[in-house]
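Chains, contacts and geometry: an overview
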Amino acid sequence: YVLQKNIETELSRAAVINSGGRLRMLSQRIALFADHLTHADSSTGTRAQTREELEDALLHFEVSFNGLLHGDAILHLPGNPSLEARALYFESPTSLSVETQKFLTAARALCRAPESELHPRNPNLQYVLAAASSDFLGRLDDLVKLYQTEGEVGIARLQKLERLVMLSTVLV
């Protein structure tokens, strides 16, 4: 039972690492679609399609982010992050949770903006582009690295447990 429980934990860690990496990738897609939205031609339907792609990326980002924090059975995310991860999410000076909300708010505002406001100087676009290439991206990288490290520690613990089970089996 103990070994099975540890294996399940490590499978969950893999999903957590993947979701952390997905956040990083989605931040870049959101920035790309936001930029495309301001340059797309509204008469050809390209802008409407880009708006849909941006909305989709925003939804996936939010689902992954919330799943990492609170759990998500469909994504196999257990929630309940470690103390170190909680510090990244919630502690100052740059709380990833606060930065994420600002990023999503700016991207959603751009996505909902009327045609007349969709231009390269739009402040929401400028915020999204800056965030996706600065500290926010670095914080997402830090999160992925932390989850990777926690996964490696868990695998090392699982390997020790495996050797212990093997040794006890041989001795019995």
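Here, every reference points to the structure presented above.
In this report, we go over the structure that sits alongside the text. Just so it is clear, the model here is predicted, and its values are computed rather than measured. (Residues numbered from 1 in each chain as written. Predicted model: local features only at pLDDT ≥ 70, side-chain atom pairs only at ≥ 80, totals over all residues. Heavy atoms only, no water.)

Secondary structure assignment for the chain yields six helices and zero strands. Here the contacts in the chain between residues at least 6 apart in sequence split such that 72% fall between residues at least 24 apart. Only carbon and sulfur atoms are counted for the fraction: they give 58% of the accessible area of the chain, which is about 9900 Å². (Helix = DSSP H or I, 4+ residues; strand = E, 2+ residues; numbered from the N terminus. Contact = heavy atoms within 4.5 Å. Areas by Shrake-Rupley, 256 points an atom, 1.4 Å probe, with all protein chains shown as cover.)

Here we take up helix H4 (residues 96–112). An α-helix turns once every 3.6 residues. As a result, residues three or four positions apart point the same way. End to end, H4 covers 24 Å across 17 residues, agreeing with the expected 24 Å (1.5 Å per residue, within 8%). Among all positions of H4, only Leu96, Ser97, Glu99, Thr100, Phe103, Leu104, Ala106, Ala107, Arg108, Leu110 and Cys111 are buried. (Expected span 1.5 Å × (residues − 1). Buried < 20%, exposed > 50% of the residue type's maximum accessible area, 1.4 Å probe, protein only.)

A few words now on the packing of aromatic side chains. Here the distance between the centres and the angle between the planes together describe a pair of aromatic rings. Applying the stated criterion across every chain, the model contains six aromatic pairs. Arranged with centres 6.1 Å apart and planes meeting at 50 degrees, the rings of Phe61 and Phe103 form a pair that is tilted. Taken together, the residues span a long stretch of sequence, with Phe61 in helix H2 (residues 46–70) and Phe103 in helix H4 at a distance of 42 residues. Overall, Phe103 belongs to the buried group, its relative accessible area being 0%. Between the aromatic rings of Phe61 and Phe136, the centroid separation amounts to 6.4 Å while the plane-to-plane angle is 35 degrees, which identifies the pairing as tilted. Taken together, the residues span a long stretch of sequence, with Phe61 in helix H2 and Phe136 in helix H6 (residues 135–171) at a distance of 75 residues. For the pair Phe61 and Phe136, a shared accessibility class is recorded, and that class is buried. Among the aromatic residues, ring-to-ring pairing joins Phe61, Phe65, Tyr89, Phe90, Phe103 and Phe136 into one connected group. (Phe/Tyr/Trp six-rings, centres within 6.5 Å; stacked < 30°, edge-to-face > 60°.)

So, on to the nonpolar core. One finds Ile30, Phe61 and Tyr89 to be the most contacted residues of the largest nonpolar core, which totals 39 residues. At the level of elements, helix H1 (2–39), H2, helix H3 (83–90), H4, helix H5 (123–131) and H6 are the ones that each hand at least two residues to this core. When residues of this core are assigned to their parent elements, the largest contribution, 10 residues, is made by H1. (Core = buried A, V, L, I, M, F, W, Y, C linked by side-chain atoms within 4.5 Å.)

The phi dihedral of His76 is positive, around 60 degrees, even though this residue is not glycine. In this fold, His76 is placed in the loop between H2 and H3. The phi dihedral of Asn80 is positive, around 50 degrees, even though this residue is not glycine. Within the secondary structure, Asn80 is located in the loop between H2 and H3. Judged by relative accessible area, Asn80 falls into the exposed class, the value being 63%.

For H3, the set of buried residues is Ala85, Leu88 and Tyr89. The buried side chains of H3 occupy one side of the element, clustering within an arc of 100 degrees when seen end-on. (Arc of directions from axis to C-beta.)

Moving on, we come to the packing of H2 against H4. Pairs of packed helices are described in terms of their axes, by the angle between the two and the distance that separates them. The contact between H2 and H4 brings their axes to 10 Å, and the two run at 160 degrees. Classed by the angle they form, the pair H2 and H4 counts as roughly antiparallel. Note on packing geometry: the crossing formed by H2 with H4 is left-handed. Where H2 abuts H4, its residues Arg51, Leu54, Glu55, Leu58, Phe61, Glu62 and Phe65 lie against Leu96, Ser97, Thr100, Leu104, Ala107, Arg108, Leu110, Cys111 and Arg112. In terms of residue class, the contact of H2 with H4 is made up of nine nonpolar, two polar and five charged. (Axes fitted to C-alpha atoms, helices over the stretch in contact; angles between N-to-C directions. Parallel < 35°, antiparallel > 145°, perpendicular 65-115°, else oblique. Left-handed = near helix turned anticlockwise from the far one by under 90°. Nonpolar A, V, L, I, M, F, W, Y, C, P; charged D, E, K, R; others polar.)

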